[in-house]
Amino acid sequence: MQTFRGYTVKVVCKGFAKFYTYHRHRKIQEWKDKIFSTWISSFFCHVGCGTIISRGTLLQGWGEHNISIGDNTLIQGHCVLGCWKRYRTGQIFSPFIAIGDNCNIGEFTHITAINKITIGNGLLTGRFVYIGDNAHGSLSWEEAEIPPARRFLKSKGEIVIGNNVWIGDKATILGGVTIGDNVIIGAGSIVTHDIPSNSLAAGMPAKVIKSLENRK
């Protein structure tokens, strides 16, 4: 049986919802994101017109001035952009992250570079996507007894992602990989090798399972 207090709270919330609708709530959140975006954009080397960097975005690595974002791109909430100019091991890097126009980066996406990550126009990602050109050390006896966070960062090479790529939820893109144009990466996939344009890839590691038909 519902208590009197619970019933009162329910009535008050319903009454408040008639004034403070969800649509109005979203508009207020959008304005907050615009204010946050204007502030945080001052730390990047370039942020294009119409681009929004949502609240909760975290910058790591002291290299945010080496990040460039094109026009009309949306970085959704709680993303991590790690452009590592220096690391706790004493290493110094010259990283660069370039994100193109009209991209939509899903919530909690993590992009991290000690080398270079180039993302073309029109990228769409799901949530919890990882795009990283570096790793904490390697599998070796010399590093086995060193805590991973204290190992030297290493990169297998830069990452290049083409235009109009769609990356599903929780996918991982690793260093030294080139993804062509018009590619779909299945949710949960781990990309360790190049993926050609106009293809669908999925799996761990990701493999091409379908190619776009040429109707010409």
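Read on for a plain summary of the structure. (Residues numbered from 1 in each chain as written. Predicted model: local features only at pLDDT ≥ 70, side-chain atom pairs only at ≥ 80, totals over all residues. Heavy atoms only, no water.)

Examining the state of the cysteines
Line of reasoning, step 1. Within this structure, the stated rule accounts for zero disulfides.
Line of reasoning, step 2. Take Cys79: it sits in no disulfide, and the sulfur closest to it among the cysteines is that of Cys103, at 12 Å.
Line of reasoning, step 3. Residue Cys79 is classed as buried on the basis of its relative accessible area of 1%. (Disulfide = S-S within 2.5 Å. Buried < 20%, exposed > 50% of the residue type's maximum accessible area, 1.4 Å probe, protein only.)

Details of the sheet that holds strand E3 (residues 58-60)
Line of reasoning, step 1. Ordered in space as E3-E6-E9-E12-E17-E20, the six strands form an open sheet in which the pairing is parallel. Both edges of this open sheet fall to E3 and strand E20 (190-191), since each of them pairs with a single strand only.
Line of reasoning, step 2. Pairing of strand E9 (residues 110-113) with strand E12 (residues 130-132) involves three bridges; the strand directions are parallel. Bridging across to E12, Ile111 finds its partner in Ile131. (Pairing = 2+ DSSP bridges. Helix = DSSP H or I, 4+ residues; strand = E, 2+ residues; numbered from the N terminus.)

Here's the deal with the sheet that holds strand E15 (residues 159-161)
Line of reasoning, step 1. Here we have six strands laid out as an open sheet, ordered E1-E4-E7-E10-E15-E18, and parallel in their pairing. In the strand order of this sheet, the two ends are held by strand E1 (46-47) and strand E18 (178-179), each with one partner.
Line of reasoning, step 2. Two strands pair when backbone bridges link them, and E15 and E18 are joined in this way by two bridges, in the parallel orientation. Paired with Ile161 across the bridge in E18 is Ile179.

Comments concerning the pattern of salt bridges
Line of reasoning, step 1. Tallying each qualifying case throughout the model produces four salt bridges.
Line of reasoning, step 2. Note that Lys27 is salt-bridged to Glu30, the shortest N-O span being 4.0 Å. On the criterion of helical spacing, the pair formed by Lys27 and Glu30 is a turn pair, its members being three residues apart in helix H2 (residues 22-40).
Line of reasoning, step 3. Judged by relative accessible area, Glu30 falls into the partly exposed class, the value being 35%.
Line of reasoning, step 4. Its salt-bridge partner being Glu143, residue Lys154 comes within 4.0 Å of it at the nearest N-O pair. With Lys154 in strand E14 (residues 153-155) and Glu143 in the loop between strand E13 (134-136) and E14, this residue pair connects regions lying eleven residues apart in the sequence.
Line of reasoning, step 5. Judged by its relative accessible area of 40%, Lys154 falls in the partly exposed class.
Line of reasoning, step 6. A relative accessible area of 8% places Glu143 in the buried class. (Salt bridge = Lys/Arg side-chain N within 4 Å of Asp/Glu carboxyl O.)

Here we look at the environment of Gly106
Line of reasoning, step 1. One can find Gly106 in the loop between strand E8 (104-105) and E9.
Line of reasoning, step 2. It is 9.6 Å that separates the C-alpha atoms of Gly106 and Ile167, two residues lying 61 residues apart in sequence.
Line of reasoning, step 3. Apart from residues no more than four positions distant in its own chain, Gly106 is found in contact with Gln76, Cys79, Thr125 and Gly126. (Contact = heavy atoms within 4.5 Å.)

Here's the deal with the pairing of E9
Line of reasoning, step 1. The pairing of strand E6 (residues 80-83) with E9 spans four bridges and is classified as parallel. Note on E9: the bridge partner recorded for Val80 is His110.

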